[in-house]
Amino acid sequence: MKVYAFDFDGTLTTRDTLIAIFRYARGDAFTLLAFLLFSPLLVLMKLHLYPNWKAKQLMFGYFFKGMKLADFNDLCKRFAKDHRHLLRPKGMETVAEALREGNEVLVVSASLDNWVRPFFDGMQGHLHVLCTRPDVRNGVLTGKFITKNCYGSEKVRRIERCLPYREQYELIAFGDSRGDKEMLEYADKGYYKPFRR
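Residues numbered from 1 in each chain as written. Predicted model: local features only at pLDDT ≥ 70, side-chain atom pairs only at ≥ 80, totals over all residues. Heavy atoms only, no water.

(A) Structural context of the environment of Ala-34. Considering the arrangement of structural elements, one finds Ala-34 in helix α1 (residues 17–37). The class of Ala-34 is buried, set by a relative accessible area of 0%. It is 7.6 Å that separates the C-alpha atoms of Ala-34 and Met-59, two residues lying 25 residues apart in sequence. With residues near it in sequence (within four places) discarded, Ala-34 still touches Met-59, Tyr-62 and Phe-63. (Helix = DSSP H or I, 4+ residues; strand = E, 2+ residues; numbered from the N terminus. Buried < 20%, exposed > 50% of the residue type's maximum accessible area, 1.4 Å probe, protein only. Contact = heavy atoms within 4.5 Å.)

Spelled out as structure tokens, the structure:
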């Protein structure tokens, strides 16, 4: 059996969707203000002096804490519909072909499943979206994550949890950044920065 594992941001898309959904939800001015406010932490994060997941969670909370989950999901569906231009055609063709051939397809991303999953609506087959997930209490976003940030070695743990019998399948992985290093090394075949002309 073949299993195809795809990173999302930068691999199947042309740029990061986290910033794109921030802008979509609150506009350019609010997003710029937020990045100025969090710039000291973002600098520390780039210097590896502050955890990536913590900075991401703080910013996510700044934008979406207190929003009803239903409203957030509606926003994410609209975002995916309005941002299909971000998808790399060759990458999505590869996903569709793998599904048509009856293979298992995993989309393994540090982005939240709420806005990643709608990009694959309508695709038929064994497709699993393994992403960071938000914490929800009484139908409202708390601004925190209920799972670990799906980045680095966490991507491998998610794959193992989804398909634990590693010896029973050939894993083919696609990624484009430091966050995909462990997944690409774990795979039988790893492709770095594919689908680019």
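(B) Structural context of the nonpolar core. Counting 43 residues, the largest nonpolar core has Trp-115 and Phe-120 as the members making the most contacts within it. When near neighbours in sequence (up to four residues on either side) are disregarded, Phe-120 contacts Phe-8, Leu-12, Met-92, Val-95, Val-107 and Leu-127. Grouped together as the second largest cluster of nonpolar side chains are 14 residues, Val-108, Leu-130, Leu-171 and Ala-187 included. (Core = buried A, V, L, I, M, F, W, Y, C linked by side-chain atoms within 4.5 Å.)

(C) Broad picture of α1. Between its terminal C-alpha atoms α1 stretches only 20 Å, short of the 30 Å expected from 21 residues at 1.5 Å a residue. Largest kink in α1: about 120°, centred on Gly-27. Listed in full, the buried residues belonging to α1 are Thr-17, Leu-18, Ala-20, Ile-21, Phe-22, Thr-31 and Ala-34. Contacts from the buried residues of α1 go to α3 (52–64), α4 (69–82), β2 (104–112) and α6 (113–116). (Expected span 1.5 Å × (residues − 1). Bend = angle between axes of the 7 residues up to and from the residue.)

(D) Geometry of the packing of α1 against α4. Between α1 and α4, the shortest axis-to-axis distance is 11 Å and the interhelical angle comes to 110°. In terms of orientation, α1 and α4 fall into the roughly perpendicular class. Where α1 crosses over α4, the handedness of that crossing is right-handed. The segment α1 lies against α4, with Thr-17, Ala-20, Ile-21, Tyr-24 and Ala-25 engaging Leu-75, Cys-76, Arg-78, Phe-79 and Asp-82. (Axes fitted to C-alpha atoms, helices over the stretch in contact; angles between N-to-C directions. Parallel < 35°, antiparallel > 145°, perpendicular 65-115°, else oblique. Left-handed = near helix turned anticlockwise from the far one by under 90°.)

(E) Quick look at the sheet that holds strand β7 (residues 189–192). With respect to topology, five strands assemble into an open sheet ordered β3-β2-β1-β6-β7, the strand pairing being parallel. Of all strands in the sheet, those with a lone pairing partner are β3 (127–132) and β7, marking the two edges. When strand polarity is set aside, the average angle formed by the axes of neighbouring strands in this sheet is 15°. Inspection of the sheet shows strand β1 (residues 2–6) paired to strand β6 (residues 170–175) by five bridges, in the parallel sense. Across the sheet, the residue bridging to Tyr-4 is Ile-172, located in β6. Strands in contact with helix α5 (residues 89–100) are β1, β2, β3 and β6; relative to β1, the strand with the most contacts, it is inclined by about 155°. (Pairing = 2+ DSSP bridges.)

(F) Seen up close, unusual backbone geometry. Phi is positive for Asn-138, which is not a glycine, with a value near 55°. Take Asn-138: its relative accessible area is 82%, and that puts it in the exposed class. Positive phi outside glycine occurs at Phe-195, with the angle close to 65°. Here Phe-195 shows up in the segment after β7. A relative accessible area of 16% means that Phe-195 is categorised as buried.

So yeah, pure geometry; function would need other evidence.
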